[in-house]
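Residue-level structure breakdown
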Amino acid sequence: MIDGRSPLETARASLAPPPFPMDRTCPYHPPTQYRSLRDQGPLVPVTLHDGRIVWLVIGHAEVRALFADRRLSSNQQNPDFPVPTAREEEVLREVHAPLIGDDPPEHNVIRRKLIPASSLRATARLRPTIQRIVDEHLDRMVTGRPPVDLVTAFTLPVSSVVICELLGVPVDDQTEFTERSARLIRGPERSDVTTAWHALAEYLDALVAKKEAVPGNAVLDELIATELHEGAMSRRDLITLAMLLLVAGHETTSNMIALSTLTLLEHRDQLARFTTDEAAVPGAVEELLRFLSIADWNPRVATADIEIGGRLIRRGDGVFLSNTAANRDPVAFANPDVLDVCRSARQHVAFGFGIHQCLGQNLARAEIEIALSTLFARLPALRLAATVDSLTLHDGGGIQGVEELPVTW
Ligand code: HEM
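Before going into details, it helps to say that this report is about the structure given with it. Per-chain numbering applies: the sequence of each chain, read as written, is numbered from 1 onward. Residue-level local features of this predicted model are given only where pLDDT is at least 70; pairs of side-chain atoms are given and counted only at 80 or more, and the full residue set underlies all totals for whole chains, interfaces and linings. Derived side-chain values reflect all non-hydrogen atoms in the structure, with water molecules and hydrogen atoms excluded from consideration.

A few words now on the site of the ligand. As a structural note, the neighbourhood of the ligand is formed by 27 residues, with His-107, Arg-111, Arg-300, His-356 and Cys-358 the closest of them. Polar contacts here mean pairs of N or O atoms no more than 3.5 Å apart (in protein, one a potential hydrogen donor and the other a potential acceptor; neighbouring residues in sequence count only if both atoms are side-chain atoms). Contact distances for the ligand include 2.7 Å between an oxygen atom and a side-chain N or O atom of His-107. With respect to the ligand, the side chain of Arg-111 contributes an N or O atom lying 2.7 Å from an oxygen atom. For the shell around the ligand, the secondary structure elements donating two or more residues are α5 (106–118), α11 (235–266), β5 (297–302) and α15 (361–378). Under the grouping applied here, Gly and all other residues not named as nonpolar or charged are polar, the nonpolar ones being Ala, Val, Leu, Ile, Met, Phe, Trp, Tyr, Cys and Pro and the charged ones Asp, Glu, Lys and Arg. Of the residues contributing to the shell around the ligand, the split by class is 16 nonpolar, 9 polar and 2 charged. Whether a residue is near a molecule or strand is decided by its heavy atoms; if any one of them lies within 4 Å of it, the residue is near. Helix and strand definitions follow DSSP, with helices as H or I runs of at least four residues and strands as E runs of at least two, each counted in order from the N terminus.

Structure, rendered in structure tokens:
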């Protein structure tokens, strides 16, 4: 502290810290500014859209420690919770997000209910279904004339159909919800987020009503039976949770498969290792998760003072835990900016860490492994049909990825 002021107050009084979030300029590398921020230490002040100064945590050890620190809260309805972009302001403040926006003990109660469906064993049972869905989409794609957009022809529908089957959402409705979900996550205007949120909520409300009349045996049916009918969860919370699973379950995986394809095509030596050694595929997927870190950061609010990394986070401060920066920390990973599918990348934080660590990680790993291995085995001559520079990237405020990925074979 300087003159009794906290570091954030000092930062506010001196030079304005850089704006946050920052955009990527290369689809598979973090924003270029992250590199120079590292000189300032593991926690750096940054400025949000509303002028508020918050902490961006970029050191691997500090990100892991803070993910596990109960003094940081995920409660989006806390008035001090940092809103990453102006577009999210209304929905974030208005809506209680069960699970991801809950702290213990409420968080544990819901999470425990979802663990059986997301376990390794449950995912292993799903693998043949994922393989079938991948095969069907590739069969369809190769009947078309290249170039094709891999996102619309393959990565998005595969991820959507998988999550539909898991949750018990009719596959025929996928276009309806993928469009709304893209608008929710990437629509540039505030009204896009609110309109898409309400449209998705309406759709899921009608689906829950149908399932109440004719129950099935998928995850959503179980939640209706155990949570809604036993009074443990309100209808509104159940719908928001279903929305989280639906949106998180296909947006992330689709972007990850598309970016992984692009990255391997741009790193031919690594692609050769990936395709020649089947046993190396799971390890290679871990490295791709580390290298690409598509869920760039996780917002939190401090509920007490925390001293870490030579800084003092004050109660009420906003904090963003950057998985991307942590996964490129040279203290944790040698030559972090080099893609090396043979390295051990297991300690990456691409799925977060601690109590909110991604519930869909087993499913995501299975989908990425099966999609990439099958794609490169079926189309060994696969290549980009556009330059990397010409690809349109998602902005820094959401899940990282490319709008389209034109490929030929
Ligand atoms: C490559 C794919 C994925 C990535 C990189 C990813 C990343 C993440 C991250 C970083 C978090 C932690 C958020 C936080 O701490 O605030 C998280 C949480 C979560 N993810 Fe994923 N995710 C992926 C796929 C999935 C899939 C396929 C599903 C659904 C089936 C899913 C469902 C969830 C849920 C429900 C949470 C909240 C868990 C909790 O709060 O306890 N994710 N994910």
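One speaks of a salt bridge when a side-chain nitrogen belonging to Lys or Arg is within 4 Å of a carboxyl oxygen belonging to Asp or Glu. Enumeration over the complete set of coordinates arrives at 16 salt bridges. Glu-165 is the partner of Arg-132 in a salt bridge, and the nearest nitrogen-oxygen pair spans 3.5 Å. With Arg-132 in helix α6 (residues 120–143) and Glu-165 in helix α7 (residues 150–167), the pair connects residues that are 33 residues apart, well separated along the chain. Two residues, Arg-314 and Asp-305, come together in a salt bridge whose shortest N-O distance is 4.0 Å. Bridged by salt links that share partners, the residues Arg-35, Arg-328 and Asp-337 form one connected network.

What follows covers the side chain of Lys-211. Relative to the elements of secondary structure, Lys-211 occurs in helix α9 (residues 190–213). Here the term buried applies to any residue with accessible area under 20% of the maximum for its type, exposed to any over 50%, and partly exposed to those in between, with areas from a 1.4 Å probe on protein chains only. Overall, the relative accessible area of 11% leaves Lys-211 in the buried class. Ignoring any residue separated from it by four or fewer positions in sequence, one finds Lys-211 in contact with Gly-168, Leu-220, Asp-221 and Ile-224. For this analysis, residues touch if any pair of their heavy atoms sits within 4.5 Å.

What tends to happen in soluble globular proteins is that the nonpolar side chains get buried as a cluster. Remark: nonpolar core denotes a set of buried residues (Ala, Val, Leu, Ile, Met, Phe, Trp, Tyr, Cys) joined through side-chain atoms within 4.5 Å. By size, the foremost hydrophobic cluster in this structure holds 89 residues, and its most contacted members are Phe-154, Leu-262, Leu-264 and Leu-405. Considering each element in turn, this core owes the most residues, 14 residues, to α11. Residue contacts for Leu-264: discarding those within four places in its chain leaves Gln-270, Leu-271, Phe-274, Leu-288, Leu-339, Val-341, Leu-372 and Phe-376. Counting residues in each nonpolar core, the second largest holds 17 residues, with Leu-8, Ile-306, Ile-308 and Ala-326 among its members.

Two numbers describe how α9 lies on helix α10 (residues 219–228): the axes approach to 10 Å, and their chain directions differ by 80 degrees. Regarding the angle of α9 to α10, the classification is roughly perpendicular. The segment α9 lies against α10, with Leu-207, Val-208, Lys-211 and Glu-212 engaging Leu-220, Asp-221, Ile-224 and Leu-228. Residue composition of the contact of α9 with α10, by class: 5 nonpolar, no polar and 3 charged. The convention used is that axes are lines fitted to C-alpha atoms, helices contributing only their stretch in contact, and that angles between N-to-C directions extend from 0 to 180 degrees. For classification purposes, angles smaller than 35 degrees are called roughly parallel, those larger than 145 roughly antiparallel, those between 65 and 115 roughly perpendicular, and all remaining angles oblique.

Glancing now at the packing of aromatic side chains. Note on aromatic contacts: the rings of Phe and Tyr and the six-membered ring of Trp form a pair at centre separations within 6.5 Å, being stacked when their planes are under 30 degrees apart, edge-to-face when over 60 apart, and tilted otherwise. As enumerated under the stated definition, the model contains 5 aromatic pairs in all. Ring geometry for Phe-274 versus Phe-376: centroids 6.3 Å apart, planes at 75 degrees, classification edge-to-face. Of this pair, Phe-274 sits in helix α12 (residues 268–276) while Phe-376 sits in helix α15, and the two are 102 residues apart along the sequence. As far as burial versus exposure is concerned, Phe-274 and Phe-376 are alike and both buried. Through a chain of ring-to-ring contacts, three or more aromatic side chains come together here, namely Phe-20, Trp-297 and Phe-320. Across from the ring centre of Phe-353, 4.2 Å away, lies the NZ or CZ of Arg-64, which sits over that ring. Cation over ring: Arg-328 sits above Phe-291, and NZ or CZ is 4.1 Å from the ring centre. Whether a charge sits over a ring depends on NZ of Lys or CZ of Arg being within 6 Å of the ring centre and within 35 degrees of the ring normal.

This brings us to the sheet that holds strand β4 (residues 148–149). Any two strands with at least two DSSP bridges between them are considered paired. As summarised here, the arrangement of the 3 strands in space is β4-β10-β9, forming an open sheet in which the pairing is antiparallel. Of all the strands in the sheet, just β4 and β9 (383–384) have a single pairing partner and so form its edges. Pairing of β4 with strand β10 (residues 406–408) involves 2 bridges; the strand directions are antiparallel. Looking at β10, one finds that Val-148 is bridged to Val-407.

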